[in-house]
There are 2 protein chains.
Amino acid sequence: MSIPNTIKRQARPTHPGEMLREDFLPDFKLTVSGLAMALGVSRQTINELVHERRAVSPEMAIRLSRLFGNTPEFWLNAQRAVDLWDANQTITNVEKITPLKFA
Amino acid sequence: MSIPNTIKRQARPTHPGEMLREDFLPDFKLTVSGLAMALGVSRQTINELVHERRAVSPEMAIRLSRLFGNTPEFWLNAQRAVDLWDANQTITNVEKITPLKFA
DNA sequence: GGATGTTGACATGTGTCACGTGACACAATA
DNA sequence: TATTGTGTCACGTGACACATGTCAACATCC
């Protein structure tokens, strides 16, 4: 049984950068520089990504999925979960929005 | 049977702004200004959204889902489909990325 | 018919962010 | 010693979400 999705998760979801750092880099025996070269992006980009200071862009998701043999959605799902969690922390005045019924 | 996801869709997916314009605004009898007020954002924001000149941000997805009684994921899924399609059109040098095997 | 208000569009400005390049210091290793 | 990897900084550029202000067109009401 899963947790009903009406219950908000308290902990911030796993950032895709953490997945890279903890799982993908070790599993594929890759370094930050190696991954950057393999993807055709700058070292800086990967460095900031694995340190969770940057989000996975759609382009980056395509590149990662191509290299690791998964889907862009895999990466963007993880990213979206984080984005949504962050937005929920910072959003204001949502409570003023009254749910609507069909007219 | 669904289409294998290895086959690329040719047409650009439906932009969330089109959904708003074609479905939600008429169904809920809302104007651009009315929606803006209901969501607590500027008229300009909604105007650009329904004209598909702006993307649905995570914050906006939360607001929309709260007003219309659906989920943020509903809006962000639609947005992501568009983003991914666009990225696939503009991305370069992906073919240079060689798929990896486990080390 | 004129005042008022609502709507949609445009311009402008601001802040954020992904990305690149180049440089530096420090480690570990060949 | 020379090389390679890492983390970090300083730039700059282009996109883009958002607010504010303005304006013309249109409706509505007195």
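Structure: above.
Residues numbered from 1 in each chain as written. Chains lettered and ligands numbered in written order. Predicted model: local features only at pLDDT ≥ 70, side-chain atom pairs only at ≥ 80, totals over all residues. Heavy atoms only, no water.

Notes on the overall build of chain A
For step 1, the next point in the chain: Regarding its fold elements, chain A presents five helices and zero strands.
For step 2, the next point in the chain: Scanning chain A from its N terminus toward the C terminus, one meets helices and strands in the order α-α-α-α-α.
For step 3, the next point in the chain: Counting across all 103 residues of chain A, residues that qualify as buried make up 38%.
For step 4, the next point in the chain: The long-range share in chain A, meaning contacts at least 24 apart out of those at least 6 apart in sequence, stands at 55%. (Helix = DSSP H or I, 4+ residues; strand = E, 2+ residues; numbered from the N terminus. Buried < 20%, exposed > 50% of the residue type's maximum accessible area, 1.4 Å probe, protein only. Contact = heavy atoms within 4.5 Å.)

Comments concerning the protein's contact with DNA strand D
For step 1, the next point in the chain: Among the 17 residues in the neighbourhood of DNA strand D, the closest are listed as A:S33, A:R43, A:Q44, A:N47 and B:T45.
For step 2, the next point in the chain: Protein-proximal atoms of DNA strand D, defined as those within 4 Å of the protein, fall in sugar or phosphate at a share of 58%.
For step 3, the next point in the chain: Take B:S57: an N or O atom from its side chain is 2.8 Å from a phosphate oxygen of DNA strand D.
For step 4, the next point in the chain: Elements represented by at least two residues in the surface near DNA strand D include exactly helix 2 (32-39) and helix 3 (43-50) of chain A together with helix 3 (43-50) of chain B.
For step 5, the next point in the chain: Tallied by class, the residues present in the surface near DNA strand D amount to four nonpolar, nine polar and four charged. (Near = heavy atom within 4 Å. Polar contact = N/O pair within 3.5 Å; in protein donor to acceptor, adjacent residues only side chain to side chain. Nonpolar A, V, L, I, M, F, W, Y, C, P; charged D, E, K, R; others polar.)

A short note on the pattern of salt bridges
For step 1, the next point in the chain: Tallied over the entire structure, the rule returns ten salt bridges over all chains.
For step 2, the next point in the chain: A salt bridge links A:E22 to A:R21; the shortest N-O distance between them is 2.7 Å.
For step 3, the next point in the chain: For A:E22, a relative accessible area of 44% gives the class partly exposed.
For step 4, the next point in the chain: Linking B:R63 and B:E59 is a salt bridge whose minimum nitrogen-to-oxygen distance equals 3.6 Å. With B:R63 and B:E59 both in helix 4 (residues 58-68) and four residues apart, this pair spans about one turn of that helix.
For step 5, the next point in the chain: Its relative accessible area of 7% is what places B:R63 among the buried residues. (Salt bridge = Lys/Arg side-chain N within 4 Å of Asp/Glu carboxyl O.)

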